[in-house]
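Chain residues, written in single-letter form:
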Amino acid sequence: MEKLKKKIRSFSFWNWVIASIIFRLILIYFPKNLNLCSRPEVSTPLTSFRRLAEGYWLKQSSMSPYAGSMYHGSPLLLSLLGPLTVKRIEGQPNHLLYSLVSVIADVVSAMLIRATGQNLQVAYFGTLKSLDLVKQIELSEVHSSGDVAALIYLCNPFTIVACVGLSTSPIENMAVILCLYGACSRLVPLAAFGWVIATHLSLYPAILIIPVHLSFVLAICDLLLGYGPDAPPRKLFLQRHQQKGLSSQSKLPPGFSWGSIIHFAFWALLWSVYVLVLCGISLKQFGGLWEMFKSTYGFILTVEDLSPNVGVLWYFFAEVFEFFRNFFLIVFHVNILFMILPLAIRLHHRPCYLAFVYVAICSMLKSYPSVGDSALYLGLLGWFVNELSDMQFSLFLFCGYVGVSLLSPVMHNLWIWRGTGNANFYFATAMVYACLQIVLVVEGVSAMLNHDRKLRSLILDKPRDAKS
Amino acid sequence: MAFLRRPLLLLLLVTHQFLQLWIASGSVNEEGQKQEEFYEELLLKPLPDRKVLTHFHFQSSAPPSTSNGRHHHLFPKAISQLVQKFRVKEMELSFTQGRWNYESWGGFDSIPSSNAKPPGVELWAVFDVPQHLIDALWKNLTHTLSGLFCASINFLESSTSYSAPEWSFPPALGNLRYGTLPREAVCTENLTPWMKLLPCRDKAGISMLLDRPSIYRGFYHSQRLHLTSTGFSSEGMDLGIILEQTLTVVLQPNIQRASLARTSEKHIQPSWSLSSIFGKEVNGKCVLAETSNVYLLLDRSLVAELKQLHKENEKSAEIVLTSENFWTNSNFELSAKPDRIFIEESSLLSKNSSILYKFEIEKYSEFKPFDLGLTWKIPVGWMCQQAPLHASRFLMGSGNERGAIAISLISTQPSEGSMGANFDGERCELRVDVFQVVPWYVKVYFHSLQVFVDQQPKAVSDIIGTIHVSPSKDKVSPGVMELALKLPCNVSSAALTIEFDKGFLHIDEYPPDANQGFDIPSAIVSFPNFHASMVFLENDYLNKSPLLSKFQEKSPVMSYTEVLLVPLTTPDFSMPYNVITITCTVFALYFGSLLNALRRRVAEEERFLKEKAAKKTGRIPLLLSKLSAKLRGRRPEPPHPPPGSSSLVNSKLVLKVVLVAGLAVCWQYYIS
């Protein structure tokens, strides 16, 4: 019976996967990709397909791809995806090959999410088992978080739009997910590779180094104690063991293991040198690496392009007084960095969740956000579907997301195309979107903390129950 | 005041004898070096659409010399100083209002190809300095010219508004900078300083005709200043400079009511005279001028048409037009007797030749003013010669997000498409150069360039021979596109389209009337294989006249396209405070609520902490717990305060204050 159920579930999972792929292909065959590739929600200056094509054209006509302020992506992306922007197959849509690459990237990401999610779930059950809490949590309520997360990622309209809109965010998301997958499966080189590529492509994933490290540190604990990469605090285990009367002190590993960090640092260094050498080779006859850094990272950090997107910074920097500009640039970027430490202290026992929170914060505060970034963190949210089951405001958040994603294009149309609205209406939707993301992050963090509290109270109360 | 009086004084002083004396002294000097010279000329030309083209041409030249030093007889000192200071090799500045109508006013002659200019201000300059110094000199030059001509040429100083074309701009010589201000309003305040450069101002000679109201009533007027210096020598020798000032005005003569009344004469070209179009007459020449001539040019096709008409009536049309009494022939009548007649050498391109009548102003005086009039007797219709392709440019797309620029080239000669083109083996090719500057906020996607020939899309590499692109950099430099198209000779239409995204600017970068839109400067379409030149018979005389020798020069045919107006999206200009406060509120919400969620502890955790604090007797954990309790807004229960702790706290507090103050002092010192 149980097996059959599982079979049905997995069958329906693959059905959904195939349905989402077919849906993407149908959308790709629409003429002109439904003009999605020039939507501000999909293509930011960093992820725009047309800018990639322009960069490739410039490179082909022996000019630096960074000449002019068109292309701001990685030179590697230009060498890999650039040829696909001009290759055409007779009788097929213009950018079929490129779209297929995006679809494949999406599917690969979904599969990696699924594998990681299953990994996490096994660890979760292992934890519960080791804490003797399995009975307390009814199994019928437990969803297969890997499948859920993968399906959320694949069927999310944001992901579909980003994929069909030919932006490069599916590739960037894949790099981030690869990094997390490597971290959770304890594949140090893979994790380092994913981290280096993700950082190279969009800078912000650099802060994922903390959760990745934590997961390695925990992985070593895991080897010794047998609990997973995402688990309740170690203190609980301590208390548990003390209650059991075990002398677990000797078993506990040192809190911080330098070995794994050095291992990771070595691989990260290796990969980054490798990536930089490749970039240097591809930009040899042009401005070199300095130009690349200036027009990729520099462009991200100084918010030069003020074209509207789903974030709030474009309008802010279009309106703010010139002499305050640098101050606010620092303030907004430091806002991301400030939260790293408190979150890491409080959630150090759950590196995957920490990674999710970081990704969500980055996609909220980054200079050129797009719906592709939201697609990533919403997909990762699926991993914690069991832990976050009692999150507050989830209906409100869902309705908010739907409302914003319907209203934002309308406001954009009114402002840009019809000229009847003005910028403030569109900015208001961006504002609401930012608030929704804030609520999601804050509620998510408190729900996770509450979940850990619940587990602890279960542990602490159990012996008392037994005593009484 | 003294400055103003000088020309009057000069006029009073200069008598006929003085002039002779002066000329004699000039001839004495001649063996050593040439004298400074000034020529004034006026060209009149009837246009097919009942308008008259008047083209004033003034030329001052200062030969290279050592003796003059910083002083000049005739040459404007401001210009020579400018050339010397900025080491200008060649420069052209034009102020234009209105658009040259290439279809009806012609596009092939040397007047339209060198004097038809884009609306607003156009400035280009070639410098005689190494590459890295050019930009600085250009900036200074724009400021100087801005002051000299009372125009906002200084806006060309910013690197976003000028460009350095490599080869497609015809006077391409390297070291060239090119900039335009399409929206500059041109008025009399720009004409007056321009006029001040003339030795006689508008007090005598042909320039007396320059009556402001009539000029600015015209359909098109373009004042141009072109200067060429003859290179810099290493010694202290002065430069030879040739300053050429032209004013091209297209006017509509006042149509007399009487002729209008009769419907049969509606098709007759309007009759005009200098006094009717300018309201003034010429009272003799400017005495400082070497030559002072007025020309009347009859276009090739007009002459052909007249001949045709004559053939119907009489036998020998050629003789009638050039014979002694031609000026009162059956077609038209001239009110003054021309002194000479020139006939253009019939060229390969067309069998017809234009006719030029010359009038010498020298013969006229205050008592016998010169007033040339042209009275048509029969209706005549003709077409001016066109450039091989008529270029026009327009915008495609709607909305404020993206669009496309299209340049369309339509052949003007449907039958003889092969004329003058370059025969390249078997394929006949027509070369067209396109030079286009786009401001940075129009973000052009060069990969989206598409070429259509005869409405059929063609591969870009087949049509475009050479392409030079310098993409725009945000807030730094404009985008420049130079294309050399190789079109088949029998092309009837060609089109180029290129897509762009509209940029979004900071609120300070919008001009005062932001919703009016932004201008994309004219594109220049030139035909390097076609040359506009008029070669007249009797060359010996013509060399003396700068205007006519200008006509004989081979200048490539070029035309300017329309200026495009691109509306850009505007943010709400009244919102900066609201946006700043609202955005900061959202950020504060994020920061505060997330930190609050992380900091919140429930009862048992607190108890655990307290137990921990109770266990440890150290001072620092105690203080920490105290601090945390304070942060939580509860009264800390003092377990057993050790004596003297308060003084310790105080000393610590003092230490902290001192530390902060020290930091502040350091910071202040560092900043200053």
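Per-chain numbering applies: the sequence of each chain, read as written, is numbered from 1 onward. Going through the entries in the order they are written, you letter the chains from A and number the ligands from 1. It should be noted that, the model being predicted, local features are given only for residues of pLDDT at least 70 and side-chain atom pairs only at 80 or more, the latter also being counted only at that level, while totals for whole chains, interfaces and linings use all residues. Remark: hydrogens and water are excluded; side-chain values derive from all non-hydrogen atoms of the structure.

Named according to an unreviewed UniProt entry, chain B is GPI transamidase component Gpi16 subunit family protein isoform 4 originating from Hibiscus syriacus.

### Structural notes on the confidence of the model for chain B
All names here are of chain B. Looking at chain B as a whole, the pLDDT averages 80, with 78% of positions reaching at least 70. Confidence drops under a pLDDT of 50 for residues 416-425, and excluding neighbours within four residues, the segment shows 18 contacts in the predicted structure. Per residue, pLDDT captures the predictor's confidence, and it can take any value from 0 to 100. Any two residues whose heavy atoms approach within 4.5 Å are treated as being in contact. Throughout residues 641-645 the model reports pLDDT below 50, and contacts reaching past four residues in sequence, or to other chains, amount to zero contacts. Scoring the predicted complex yields pTM 0.85 and, for the interface, ipTM 0.89.

### Details of the state of the cysteines
Put simply, a disulfide is two cysteine sulfurs that come within 2.5 Å. Per the counting criterion, the structure on display carries one disulfide over all chains. The partner cysteine of Cys200(B) in its disulfide is Cys286(B), sulfur to sulfur 1.7 Å. The sign of the 60 degrees torsion about the S-S bond sets the Cys200(B)-Cys286(B) disulfide as right-handed. Here Cys200(B) is found in the loop between helix H7 (188-196) and helix H8 (212-216), whereas its partner Cys286(B) is found in the loop between helix H10 (274-278) and strand S10 (291-298), with 86 residues between them in sequence. Left without a disulfide partner, Cys362(A) is nearest to the cysteine sulfur of Cys179(A), which lies 12 Å away. By definition, any uninterrupted DSSP run of H or I lasting at least four residues is a helix, any uninterrupted run of E lasting at least two residues is a strand, and each is numbered from the N terminus.

### Concerning the environment of Phe86(B)
Looking at where Phe86(B) falls in the secondary structure, it is placed in helix H3 (residues 77-86). Along the backbone, Phe86(B) and Leu209(B) are 123 residues apart, and their C-alpha atoms lie at a distance of 33 Å.

### Focus: the packing of aromatic side chains
Residues and elements named next belong to chain B. By convention, a stacked pair of Phe, Tyr or Trp rings (six-membered ring in the case of Trp) has centres within 6.5 Å and planes under 30 degrees apart, an edge-to-face pair has planes over 60 apart, and any other such pair is tilted. If you walk through the whole model with that rule in mind, you get 59 aromatic pairs over all chains. Look at Phe-108 and Phe-530: their rings are 6.2 Å apart centre to centre, the planes differ by 85 degrees, and that puts the pair in the edge-to-face class. Taken as a pair, Phe-108 in the loop between helix H4 (102-105) and helix H5 (110-115) and Phe-530 in strand S25 (residues 524-532) lie far apart in primary sequence, 422 residues in all. On the numbers, 5.3 Å between centres and 80 degrees between planes, the contact of Tyr-510 with Phe-573 is edge-to-face. Pair noted here: Tyr-510 is in the loop between strand S23 (493-502) and strand S24 (518-520) and Phe-573 is in the loop between strand S27 (564-566) and helix H16 (576-599), with a separation of 63 residues, a long-range link.

### Observations concerning the pairing of strand S6 (residues 176-181) of chain B
Where a strand is regular, its side chains alternate between the two sheet faces. Residues and elements named next belong to chain B. Burial classification: accessible surface area is computed with a 1.4 Å probe over protein chains only, and a residue below 20% of its type maximum counts as buried, one above 50% as exposed, and the rest as partly exposed. Burial of S6 is extensive: six of the six residues sit out of reach of the surface. Covered by surrounding structure in S6 are Leu-176, Tyr-178 and Thr-180 together with Arg-177, Gly-179 and Leu-181, the residues of both alternating faces. Whether two strands pair depends on DSSP finding at least two bridges between them. Pairing between strand S5 (residues 162-163) and S6: two bridges, direction antiparallel. Within the sheet, the bridge partner assigned to Ser-163 lies in S6 and is Tyr-178.

### Describing the pattern of salt bridges
Residues and elements named next belong to chain B. Salt bridges, as used here, are contacts in which a Lys or Arg side-chain nitrogen is within 4 Å of a carboxyl oxygen on Asp or Glu. Across all of its chains, the model carries 31 salt bridges over all chains by this definition. Taking the shortest distance from any N to any O, the salt bridge between Lys-203 and Asp-202 comes out at 3.5 Å. According to the relative accessible area criterion, Lys-203 is partly exposed, its value standing at 44%. Residue Asp-202 is classed as partly exposed on the basis of its relative accessible area, which comes to 22%. Put simply, Glu-92, Lys-117, Glu-122, Arg-224, Glu-244, Lys-550 and Glu-553 are held in one network by salt bridges that share partners.

### Regarding the UniProt feature "transmembrane region" (unreviewed entry) in chain B
All names here are of chain B. The UniProt entry lists residues 577-598 and 653-671 under the feature "transmembrane region" (unreviewed entry), expressed in the numbering used here. The span residues 577-598 carries 100% helix and 0% strand; its end-to-end C-alpha distance comes to 31 Å. Structurally, residues 653-671 is divided into 100% helix and 0% strand, and its ends, taken at the C-alpha atoms, are 27 Å apart. UniProt positions are given in the numbering used here, feature names are shortened, and annotations may be inferred rather than shown by experiment.

### Details of the packing of helix H6 (residues 157-164) of chain A against helix H17 (residues 371-381) of chain A
Residue and element names in this part refer to chain A. Here an axis means a line fitted to C-alpha atoms, over the contact stretch when the element is a helix, while the angle between two N-to-C directions is reported on a 0 to 180 degree scale. One can describe the packing of H6 onto H17 by two numbers: an axis separation of 8 Å at closest approach and a directional angle of 135 degrees. Between H6 and H17, the crossing angle belongs to the class labelled oblique. Helix-helix and strand crossings are classified by hand; for H6 and H17 the assignment is left-handed. Mapping the contact onto sequence places Phe-158, Thr-159, Val-161 and Ala-162 in H6 and Val-371, Gly-372, Ser-374, Ala-375 and Leu-378 in H17. For this classification, under 35 degrees means roughly parallel, over 145 means roughly antiparallel, 65 to 115 means roughly perpendicular, and everything else is oblique. Helix crossings are classified by the rotation of the near helix relative to the far one: an anticlockwise turn of less than a right angle makes the crossing left-handed, while a clockwise turn makes it right-handed.

### Focus: empty space enclosed by the protein
Counted as a void, the largest cavity has a volume near 290 Å³. In this analysis the probe radius is 1.4 Å and the grid spacing 1 Å, with only protein atoms considered; a cavity is a set of points the probe fits into but cannot get out of, a pocket is an open set with protein on both sides within 12 Å along at least five of seven lines, and lining residues have an atom within 4 Å of a point. Ser38(A), Ser43(A), Ser307(A), Glu401(B) and Asp501(B) are the residues nearest the centre of the largest cavity, which is lined by 23 residues in total. The set of elements that each furnish at least two residues to the lining of the largest cavity consists of helix H2 (49-60) of chain A together with strand S19 (442-453) and S23 of chain B. Of the residues contributing to the lining of the largest cavity, the split by class is six nonpolar, eight polar and nine charged. Grid points are joined across faces, edges and corners, and a volume is the space filled by probe spheres set on the points. Volume-wise, the second largest cavity comes out at about 150 Å³. Looking at the second largest cavity, it is lined by 15 residues, and the ones nearest its centre are Pro205(A), Val359(A), Lys366(A), Asp373(A) and Leu376(A). Only Asp, Glu, Lys and Arg are considered charged, only Ala, Val, Leu, Ile, Met, Phe, Trp, Tyr, Cys and Pro nonpolar, and every remaining residue, Gly among them, polar. In terms of residue class, the lining of the second largest cavity is made up of nine nonpolar, three polar and three charged.

### Concerning H6(A)
Because each turn of an α-helix spans 3.6 residues, side chains separated by three or four positions in sequence point in the same direction. Summarising burial for H6(A): six of the eight residues are buried, a large majority. A positive phi of about 60 degrees marks Leu166(A), the residue just after H6(A).

### Things to note about the nonpolar core
Throughout, nonpolar core names a set of buried Ala, Val, Leu, Ile, Met, Phe, Trp, Tyr and Cys residues whose side chains join them through atoms within 4.5 Å. With 139 residues, the main nonpolar core has Phe317(A), Leu343(A) and Ile361(A) as its most contacted residues. Top contributing element to this core by residue count: helix H19 (residues 423-467) of chain A, with 16 residues. Core analysis: the second largest hydrophobic core is formed by 83 residues, Leu225(B), Cys286(B), Leu302(B) and Leu374(B) among them.

### Describing the packing of helix H3 (residues 75-86) of chain A against helix H11 (residues 258-282) of chain A
All names here are of chain A. Relative orientation of the contacting elements H3 and H11 amounts to 70 degrees, with a least axis distance of 8 Å. By the angle class used here, H3 and H11 are roughly perpendicular. Contact with H3, carried on its side by Pro-75, Leu-76 and Ser-79, involves Val-275, Leu-278, Cys-279 and Ser-282 of H11 and no other residues of that element. Taken together, the residues of the contact of H3 with H11 sort by class into five nonpolar, two polar and no charged.

### Some words on the sheet that holds strand S1 (residues 37-47) of chain B
All names here are of chain B. Taken in spatial order, the 11 strands of this open sheet run S5-S6-S4-S3-S7-S8-S2-S1-S10-S13-S12, and their pairing is mixed. Pairing within the sheet leaves two strands with one partner each, and these edge strands are S5 and strand S12 (340-343). One ladder, built from four bridges, connects S12 with strand S13 (residues 355-360); its direction is antiparallel. Its bridge partner being in S13, Phe-342 is matched across the sheet by Leu-356.

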